[in-house]
Amino acid sequence: QRINLLFQINGWKDSSFANHEAVAVADSDAVIHAADPFFLRLLVEEWLSWKGPKLPETVAKAIACGAENFSTRRLKGEFLRTGKFIVITLRERSPLEALGKREREIATAFAVGSSYKEVARDLNIAPATVRHHLRNIYEKLDISDKAALASMVKEWNLPKQFEGACQETGGSLCRQDWSFRGH
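Residues numbered from 1 in each chain as written. Predicted model: local features only at pLDDT ≥ 70, side-chain atom pairs only at ≥ 80, totals over all residues. Heavy atoms only, no water.

### Quick word on the sheet that holds strand S4 (residues 75-82)
Part 1 of the argument: Ordered in space as S2-S1-S5-S4-S3, the 5 strands form an open sheet in which the pairing is antiparallel. Here the strands that pair on one side only, and so sit at the sheet edges, are strand S2 (32-35) and strand S3 (69-71). For this sheet the average axis-to-axis angle between neighbouring strands, irrespective of direction, equals 20°.
Part 2 of the argument: Here strand S1 (residues 21-27) runs beside S2; their pairing, made up of 3 bridges, is antiparallel. What sits directly across from valine 25, in S2, is alanine 34.
Part 3 of the argument: Here helix H3 (residues 57-64) sits on the sheet in contact with S1, S3, S4 and strand S5 (85-92), set at roughly 40° to S4. (Pairing = 2+ DSSP bridges. Helix = DSSP H or I, 4+ residues; strand = E, 2+ residues; numbered from the N terminus. Axes fitted to C-alpha atoms, helices over the stretch in contact; angles between N-to-C directions. Contact = heavy atoms within 4.5 Å.)

Structure representation (structure tokens):
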């Protein structure tokens, strides 16, 4: 069973890096049995004194209490329990998570090249409101232009993470074809 899990991790690794995700397999005692290098790097960056093979205390406590996920200042993790092993998917928190629902909708629209007027029409709001939201978005993300916003949205796969924004607007903000590295 452990060998099968190792093969699964190797298959997941190729697609995980593009999504800022990492995968490991641990047991119910929070001891790592297999992990991709990115997973280990994320742990060391979050918990500077961590040495392994036992997972950091925050993660171990989440496993012990039967949680399905956990989060820290920089990371989010999910657990998939498979018999005596637990597959842990870990990802960096996206800076885009600081945005509210409407800001995510506007960021998505601008990233695909929509104008103020198009976004305002699609969301049924005034262009001045769109500009106001965009100023807030730039401030929250510490960026200053549309190109930086588009780059960040594509890097962090915003449409995948916030696909609800497309559905909630009837698809009007999602008429562009998204192509990301690794997809």
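### Thoughts on the confidence of the model for the protein chain
Part 1 of the argument: Overall, the prediction assigns the protein chain a mean pLDDT of 78, with 75% of residues at 70 or greater.
Part 2 of the argument: Here residues 13-18 is modelled with pLDDT under 50, and outside its nearest four sequence neighbours on either side it reaches 10 contacts, counting other chains as well.
Part 3 of the argument: Scored below 50 in pLDDT, residues 159-183 makes 45 contacts in the model with residues more than four places away or belonging to other chains. (pLDDT = per-residue confidence, 0-100.)

### Some remarks on the pattern of salt bridges
Part 1 of the argument: Taken as a whole and assessed by the stated rule, the structure comprises 11 salt bridges.
Part 2 of the argument: The closest approach of N and O atoms between lysine 76 and glutamate 97, which form a salt bridge, is 3.3 Å. In this pair, lysine 76 is assigned in strand S4 and glutamate 97 in the loop between S5 and helix H4 (101-111), connecting sequence segments 21 residues apart.
Part 3 of the argument: Judged by relative accessible area, which is 30%, lysine 76 ranks as partly exposed.
Part 4 of the argument: Looking at glutamate 97, the relative accessible area reads 24%, which means it is partly exposed.
Part 5 of the argument: One salt bridge in this structure joins aspartate 122 and arginine 121, with 3.5 Å as the shortest N-O distance.
Part 6 of the argument: Through salt bridges with shared partners, one network takes in Arg41, Glu45, Glu46, Arg74 and Glu92. (Salt bridge = Lys/Arg side-chain N within 4 Å of Asp/Glu carboxyl O. Buried < 20%, exposed > 50% of the residue type's maximum accessible area, 1.4 Å probe, protein only.)

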